[in-house]
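Close look at the chain arrangement
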Amino acid sequence: MIEHSDEDTEFITLRSDGLWKVMSNQEVYDCNADLEDAEEAAKNLIEEALTRGSMDDISCMVVAFL
């Protein structure tokens, strides 16, 4: 069982090097702060990594706490 202990947490991301190398945690948050759909948020992050020229593998999963 997993307990959500921080009421301020809006979402978490699981991401590969292709995202880590081109975006900081703050940039990931800023990029998705207004999105409510986790799938759309993941797609948005992948597109942003590609826009920033990431040449590594890019995988991303967003878990939103709505």
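Residues numbered from 1 in each chain as written. Predicted model: local features only at pLDDT ≥ 70, side-chain atom pairs only at ≥ 80, totals over all residues. Heavy atoms only, no water.

The next thing to look at is the packing of aromatic side chains. Overall, the coordinates contain one aromatic pair when judged by the stated rule. Pairing F11 with Y29 gives two aromatic rings, centres 5.9 Å apart and planes at 10°, and the pair type is stacked. One end of the pair, F11, is in strand β1 (residues 11-15); the other, Y29, is in helix α2 (residues 25-32), and 18 residues separate them in sequence. In this structure F11 comes out as buried when scored by relative accessible area, which is 17%. By relative accessible area, Y29 is classed as partly exposed at 34%. Geometry around W20 places R15 over its ring, the cationic atom sitting 3.7 Å from the centre. (Phe/Tyr/Trp six-rings, centres within 6.5 Å; stacked < 30°, edge-to-face > 60°. Helix = DSSP H or I, 4+ residues; strand = E, 2+ residues; numbered from the N terminus. Buried < 20%, exposed > 50% of the residue type's maximum accessible area, 1.4 Å probe, protein only. Lys NZ or Arg CZ within 6 Å of the ring centre and 35° of its normal.)

For the rest of this paragraph, the subject is the nonpolar core. The biggest cluster of nonpolar side chains holds ten residues, and these are F11, L19, M23, V28, A41, A42, L45, A49, C60 and V62. The biggest single contributor to this core is helix α3 (residues 38-51), with four residues. Once residues lying within four places of it in the same chain are set aside, the contact partners of V28 are F11, T13, R15, M23 and L45. (Core = buried A, V, L, I, M, F, W, Y, C linked by side-chain atoms within 4.5 Å. Contact = heavy atoms within 4.5 Å.)

With that settled, the discussion passes to the environment of W20. Along the polypeptide, W20 turns up in helix α1 (residues 17-20). W20 gets classed as partly exposed once you look at its relative accessible area, which sits at 44%. In this structure the C-alpha to C-alpha distance between W20 and D56, which are 36 residues apart in sequence, comes to 9.7 Å. Once you skip the residues sitting within four places of it in the chain, W20 turns out to touch R15 and N25.

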